[in-house]
Amino acid sequence: MPTRTHSSLLRSLRAQLPEMVSTLRRYVEQESPSGSAEAIASLVALIAADFAAVGGRVRQRQLRAHGSAQYGPALQIDFAGPRGSPRLLLLGHTDTVYPLGTLKSMPWRERGGRLYGPGAFDMKGGIVQALFALRATLERGPLPCAVTLLLVPDEEIGSPASRALTERLALKSSAVLVLEPAAGDEGACKTSRKGIARYTLRVRGVASHAGLDFERGASAIVEAAHQVAAISALSRPAKGLTLNPGIFSGGTRSNVVAEFAEIIVDVRFFTALQAARVDAAIRRLRPRDSRCRLEVLGGHERSPFERSKQTVRLYRMAAQAAGELGFQLAEAAVGGGSDGNLTAALGIPTLDGLGAVGDGAHAANEFVVAREMPRRSALLSELMTRLAAV
Ligand SMILES: [Zn+2]
């Protein structure tokens, strides 16, 4: 049963649901694909104004461009806590995987208690829940601990520009709560996530005329096909290790023996050991046709978020808080990586999947379950109090 303070917090957040929904709508209707600096800046301005109105100190941080790419600002919002209190980092991202103009085919929609739109679930819903959690907590008095919210503009493309900032702020924090979507219908939080590596395998063969000079050629495409088979054979799906040759390109014309081919492979793993073994195996690949040359580029991108003791402790704290709010909080292991992988790898207690409940991340039917929003907000508020006490 919810306790008295919990139920009053929940009641007040439930009364704010229409406002949560309209806030989410404003964020969703400002599209914000990764790499579209202007669009991200517009969304950041909206979010910054909302958090400033609650009393946060807003800082927009321009990230150093990575190559020629522009990312738009990262948004850092600090809330003071009692002197000497621990600092909690709330982590999320403003970017989505949807290109500008997606709203035309995938407009904001409310149907059957579900809120649809690009980025609603991953993860603008989580940002809204954090906003209302902070507001509800501050309405009851000073925050029990210092809180920093960091929203990065490049998470969906692997956080190339924001990684250093995330790591720097995590190292100043006693715990990290990640506002990424929850897992499954029951809204489980994520206590382990796979790590990610990405490899590009370039194959150079010998071009020749397919009709006149076939045997003088060494096909980069045929060689690459053998390599794809070898790479695929390294997958161990039952152990959570997968290698996906997701892009295969090469050749110029059908009557030319291909001089060049390229494979891009996405690798997911649960342990650092799996990653090291795959890395060694990929770098050991040799051409079957000795006239071909192989070149391996890329490698490790995100360390796995392994289910550490610290994370389990944080999860238990959250599950207990959820229980007092009247719901069960399960835990899940998932394949997709997030910036939580970065902070967990630094040894900072990290709990992921504290954002919206819904489904369809990165898909046309992406949605948030509206009635779950107030209690997820209440959970964040309650976690602040508990983390301040440890
Ligand atoms: Zn996300």
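What this report covers is the structure whose coordinates are included nearby. Bear in mind that the values here come from a model prediction, so they are computed numbers and not experimental data.

1. What about the sheet that holds strand β2 (residues 74-79)?
Across the sheet, 6 strands lie side by side as β1-β2-β6-β3-β7-β16; this open sheet has mixed pairing. In this open sheet, the two edge strands, each paired with only one partner strand, are β1 (57-61) and β16 (350-351). Two elements, strand β7 (residues 175-178) and β16, share 2 bridges in a ladder whose sense is parallel. The residue bridging leucine 177 from the neighbouring strand is leucine 351, located in β16. Against the sheet, helix α11 (residues 373-389) engages β3 (87-93), β6 (146-152) and β7, with an angle of about 175° to β7.

2. Describing the side chain of glutamine 129
Along the chain, the position of glutamine 129 falls in helix α5 (residues 120-139). Ignoring anything within four residues of it in the chain, the contact list for glutamine 129 reads Met20, Leu354, Gly355, Ala356, Met373, Arg376, Ser377 and Leu380.

3. A look at the sheet that holds strand β13 (residues 260-269)
What holds strands together in a sheet is hydrogen bonding between their backbones, with the strands either parallel or antiparallel. Strand order in this open sheet of 4 strands is β11-β13-β9-β14, and the pairing throughout is antiparallel. Edge positions in the open sheet fall to β11 (242-250) and β14 (293-302), since each of these has one partner strand only. Strand-to-strand, the axes of this sheet are offset by a mean angle of 15°, without reference to chain direction. Where strand β9 (residues 195-204) lies against β13, 10 bridges are found, and the strand directions are antiparallel. Bridging across to β13, tyrosine 199 finds its partner in valine 265.

4. Some points on the packing of helix α3 (residues 37-53) against α5
Interhelical geometry of α3 versus α5 gives an angle of 20° and a closest axis separation of 10 Å. The angle between α3 and α5 falls in the class roughly parallel. By crossing handedness, the relation of α3 to α5 is classed as right-handed. Where α3 abuts α5, its residues Leu43, Ile47, Asp50 and Phe51 lie against Lys124, Ile127, Ala130, Leu131 and Leu134. Class assignment of the residues belonging to the contact of α3 with α5 gives a composition of 7 nonpolar, no polar and 2 charged.

5. Considering helix α8 (residues 272-283)
Its 12 residues place the ends of α8 17 Å apart at the C-alpha level, agreeing with the 16 Å of an ideal helix rising 1.5 Å per residue. Where the residues of α8 are buried, they touch β9, β11, β13 and β14.

6. Observations regarding the pattern of salt bridges
When the charged atoms of two side chains lie near each other, side chains of opposite charge can form a pair. Taken as a whole and judged by the stated rule, the model has 20 salt bridges. Between glutamate 155 and arginine 302 there is a salt bridge; the shortest N-O distance is 3.5 Å. Here glutamate 155 is found in the loop between β6 and α6 (163-171), whereas its partner arginine 302 is found in strand β14, with 147 residues between them in sequence. There is no split in this pair, since glutamate 155 and arginine 302 are both buried. Across the pair arginine 216 and aspartate 213 runs a salt bridge, and its minimum N-O distance is 3.2 Å. Arginine 216 gets classed as exposed once you look at its relative accessible area, which sits at 58%. The structure contains a network of salt bridges with shared partners spanning Arg59, Asp78 and Arg87.

7. As for the layout of surface pockets
A volume near 520 Å³ is recorded for the largest pocket. Surrounding the largest pocket, 29 residues form its lining, Asp122, Glu156, Gly336, Gly337 and His362 being those nearest its centre. Every element with two or more residues in the lining of the largest pocket is listed here: α5, β8 (189-193), β9, β13, β14 and β17 (358-359). Partitioned by chemical class, the residues of the lining of the largest pocket number 8 nonpolar, 9 polar and 12 charged.

8. Here's the deal with the packing of α5 against α11
Remark: α5 packs on α11, axes separated minimally by 8 Å, with the N-to-C direction vectors making an angle of 55°. Taken together, the axes of α5 and α11 lie oblique to each other. Of the two elements, α5 crosses α11, and the hand of that crossing is right-handed. Facing α5, whose interface residues are Gly125, Val128, Gln129, Ala130, Phe132, Ala133, Leu134 and Thr137, α11 presents Met373, Arg376, Ser377, Leu380, Ser381 and Met384.

9. Describing helix α9 (residues 309-325)
Relative to the 24 Å expected for 17 residues at 1.5 Å per residue, α9 spans 24 Å between its end C-alpha atoms, a close match to the ideal helical length. What α9 keeps buried is the set Thr311, Val312, Leu314, Tyr315, Met317, Ala318, Ala321, Ala322 and Leu325. Of the residues flanking the end of α9, it is glycine 326, one or two places downstream, whose phi is positive at about 95°.

10. Some details on the nonpolar core
Among the nonpolar cores identified, the biggest contains 65 residues, and Phe51, Leu88, Leu90, Val147, Leu177 and Leu379 are the most heavily contacted of them. When residues in this core are grouped by element, the largest group, 11 residues, is from α5. When near neighbours in sequence (up to four residues on either side) are disregarded, leucine 177 contacts Leu88, Leu89, Leu90, Leu91, Leu314, Leu351, Leu354, Leu380, Leu383 and Leu387.

So, how was this worked out
Residues numbered from 1 in each chain as written. Predicted model: local features only at pLDDT ≥ 70, side-chain atom pairs only at ≥ 80, totals over all residues. Heavy atoms only, no water. Pairing = 2+ DSSP bridges. Helix = DSSP H or I, 4+ residues; strand = E, 2+ residues; numbered from the N terminus. Contact = heavy atoms within 4.5 Å. Axes fitted to C-alpha atoms, helices over the stretch in contact; angles between N-to-C directions. Parallel < 35°, antiparallel > 145°, perpendicular 65-115°, else oblique. Left-handed = near helix turned anticlockwise from the far one by under 90°. Nonpolar A, V, L, I, M, F, W, Y, C, P; charged D, E, K, R; others polar. Expected span 1.5 Å × (residues − 1). Salt bridge = Lys/Arg side-chain N within 4 Å of Asp/Glu carboxyl O. Buried < 20%, exposed > 50% of the residue type's maximum accessible area, 1.4 Å probe, protein only. 1 Å grid on protein atoms, 1.4 Å probe; cavity = no way out; pocket = protein on both sides within 12 Å on 5 of 7 lines; lining within 4 Å. Points joined across faces, edges and corners; volume = space filled by probe spheres on them. Core = buried A, V, L, I, M, F, W, Y, C linked by side-chain atoms within 4.5 Å.

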